[in-house]
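Breakdown of the fold
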Amino acid sequence: MGNYLFSARRRQPRESDDPSPGDIAPFQGAAGREGFLRETTPSSTFSILVKAALGKNISVPVSLDDTVLDLKVKLFALDSDFYPSRSILIHDGDQELVNEQTLRHYNITSNSIIHHILRYDQESQGSLSCITSTSAEEFQKLMQSLFIEEERFCLCSRQELQQVKPEIDPHILREQNIYKACLPGPGIFQCSKTGLAFEVESAASIVYRYDNWSTHLKEADQNLWEPAGPLFNIWALPGTVRAVYLPHFICVSGANISGCSIAHFEFKKMTIQQPKEVMAFTAVLENPSFSLLGVVWRKLRSAISLPVHSLVLIFQQLSAANTTLHLYLIPDDSSVKQAIERQEMSWNSRLIPKPPPFTGLFFGYRYKICSKQNVKIKPEPHLPFCYKSPEEQQLYVEIYIKKMEEEIELFIRDGQNDIVVWEASLRSGDICFSRNVSHIPSGADFLKKHKTELCSRMGQLSSTLLLLRDERVINSEEEQEVRAQNTRQERNRFLLDLVENKGSSAQEKLFQILKIKDPFLVDDLENFYLGIFRVFDPNSCSRTFPCKIHCNAKT
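Criteria and cut-off values
Residues numbered from 1 in each chain as written. Predicted model: local features only at pLDDT ≥ 70, side-chain atom pairs only at ≥ 80, totals over all residues. Heavy atoms only, no water. Pairing = 2+ DSSP bridges. Helix = DSSP H or I, 4+ residues; strand = E, 2+ residues; numbered from the N terminus. Axes fitted to C-alpha atoms, helices over the stretch in contact; angles between N-to-C directions. Expected span 1.5 Å × (residues − 1). Buried < 20%, exposed > 50% of the residue type's maximum accessible area, 1.4 Å probe, protein only. Arc of directions from axis to C-beta. Contact = heavy atoms within 4.5 Å. Salt bridge = Lys/Arg side-chain N within 4 Å of Asp/Glu carboxyl O. Parallel < 35°, antiparallel > 145°, perpendicular 65-115°, else oblique. Left-handed = near helix turned anticlockwise from the far one by under 90°. Nonpolar A, V, L, I, M, F, W, Y, C, P; charged D, E, K, R; others polar.

1. Some thoughts on the sheet that holds strand S25 (residues 366-371)
Pairing within the open sheet is antiparallel, and its four strands lie in the order S27-S25-S29-S30. Across the chains shown, the open sheet's two edge strands, defined by having one partner strand only, are strand S27 (382-384) and strand S30 (419-427). On average, each strand axis in the sheet is inclined to that of its neighbour by 25°, with strand direction left out of account. Pairing geometry for S25 and S27, over three bridges, is antiparallel. Bridged to Lys-368 within S27 is His-382.

Shown next, in the form of structure tokens:
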């Protein structure tokens, strides 16, 4: 059985599905009922009983037009032991439910009982290579440049919200990360991976993922509305979220915010909703009805476009001759950034963190990449600035440096006004030379050298124990012994001692799991002791694509 794709085939609209006055237009692609949980009328919603693999009975609210994958995602939010990609749902004794089919297809009613069994096949059981870790932390939080006149600085500042690290189904396809935020109580909490934030009045679990504008925004609507941030597919029990804070990349210090709206896709139609408040980097929607939501901006009729917060991403091609770099200039959209990271890591690249442009950029403009030193820029130094959905190939230029000097200065100039909008220095410490690549430690070496630090800093114990059990390193009784310890530090120490006693093979498996579950911790511990700029060797990773690097070291 292959991996499950996080997509769904939905019913065609019926003749009775008349658009409401607020509807902009019906759209093509999966949306509406194809989203996560949404508020529906009582007549279209009912509950079914799912008998879980670990003996629990779970009541799940569904509608007939929910897909089987929708049902799995709801279970992922309601049950901490349920993972969509590792689960099989059975109906009528022996009928396996297929992700893309609707509950209507299987004639499921309120009297139906669904059985959940775990999927143990070669794909989920045999190797850690099928496990995908969390995406990289945001690197573009460095200081703005000090070499530009004061009036050209962006005046937007990010609102400081309480950060939560979402849980991610560790076995899901890497292009289809599903995030689950477990909010502890009343307050406003922001996802550390996506920038999405929720205001809740009590503890809540919310599941969400990125989606693609190009799939859902009809061509006619693209003439009127412009995507201004990631598109999210969100699932939550109705009434649990008081307000949602949706990320956007429009520089509000230089824009008329009256053009900002929220696009809501439901029942194969797009409706436009007005945010309660538009702040720098987020737009607030109160009492949201969840499915597909994202910030859009009404296109201006004049030739003047809106200033946009942007990112400069530079990747070094580790397998290329001399020094070969890829430079991207993109809107500050976390879904696009993560898609580029995945692509570059599959090309054996590593990110070189640099600050963002210090002023807003404009869609439709061409920006020139240049340097005072002798470098080759292909295919041409001018890079168009535009928005492309995450699944599209993003534009970049290749920078070839035959002989790396002590320092290379890179600039980006506004091709229309010949004004510098970004500059950064590329130093020899930023570049991965063969002499810098550290020897990759064995699992036993790593755990022994960093045991004290791991006892105090190792996190995500529940999922680590689950993976160790899947890899047959520990059994259920040993897992319970670990959980029975009083403090986190004691639990970590007990686990490390337990694995150490099982030998080098068990230690290697725990090491690989730590690299997947918390790559930043592993990277931090190794490079702290080496005293070098953090360098990632992709050959050391057992997954389908390498871990991201995380660096805050001074060069």
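2. Here's the deal with helix H10 (residues 488-501)
Under the 1.5 Å per step criterion, the end-to-end length of H10 is 20 Å for 14 residues, consistent within 8% with the ideal 20 Å. By the burial criterion, the buried members of H10 are Asn-492, Leu-495, Leu-496, Leu-498 and Val-499. Down the axis of H10, the sector holding all buried residues measures 160°, keeping them to one side. Each element contacted by the buried residues of H10 is listed here: helix H6 (443-449), helix H7 (451-457), helix H8 (461-470), helix H9 (476-483) and helix H11 (504-517).

3. Some thoughts on helix H5 (residues 334-346)
With 13 residues, H5 ought to run about 18 Å at 1.5 Å a step, and its terminal C-alpha atoms sit 18 Å apart, in line with that. With eleven of 13 residues buried, H5 lies mostly within the body of the structure. Residues Ser-334, Ser-335, Val-336, Lys-337, Gln-338, Ala-339, Ile-340, Glu-341, Arg-342, Glu-344 and Met-345 constitute the buried set of H5. Buried positions along H5 lie against strand S9 (179-183), strand S12 (204-211), strand S13 (225-235), strand S21 (310-317), strand S22 (323-331) and strand S23 (349-352). Asn-348, located one to two residues past H5, shows a positive phi value of around 65°.

4. Side note on the pattern of salt bridges
Under the definition given, this model contains 19 salt bridges. Two residues, Arg-413 and Asp-418, come together in a salt bridge whose shortest N-O distance is 2.9 Å. Note that Glu-453 is salt-bridged to Arg-457, the shortest N-O span being 3.4 Å. Pair noted here: Glu-453 and Arg-457 are both in helix H7, with a separation of four residues, about one helical turn. Residue classification places Glu-453 among the partly exposed positions, given a relative accessible area of 31%. Among the charged side chains, a salt-bridge network with shared partners connects Glu-199, Glu-201 and Arg-242.

5. Topic: the packing of H8 against H9
At their nearest, the axes of H8 and H9 sit 10 Å apart, and the two run at 160° to each other. Considering the angle they form, H8 stands roughly antiparallel to H9. With respect to the hand of their crossing, H8 and H9 are arranged in right-handed fashion. Each of Leu-461, Ser-462, Leu-465 and Arg-469 in H8 lies in contact with H9, whose residues at this interface are Ser-476, Glu-479, Val-482 and Arg-483. Split into classes, the residues belonging to the contact of H8 with H9 amount to three nonpolar, two polar and three charged.

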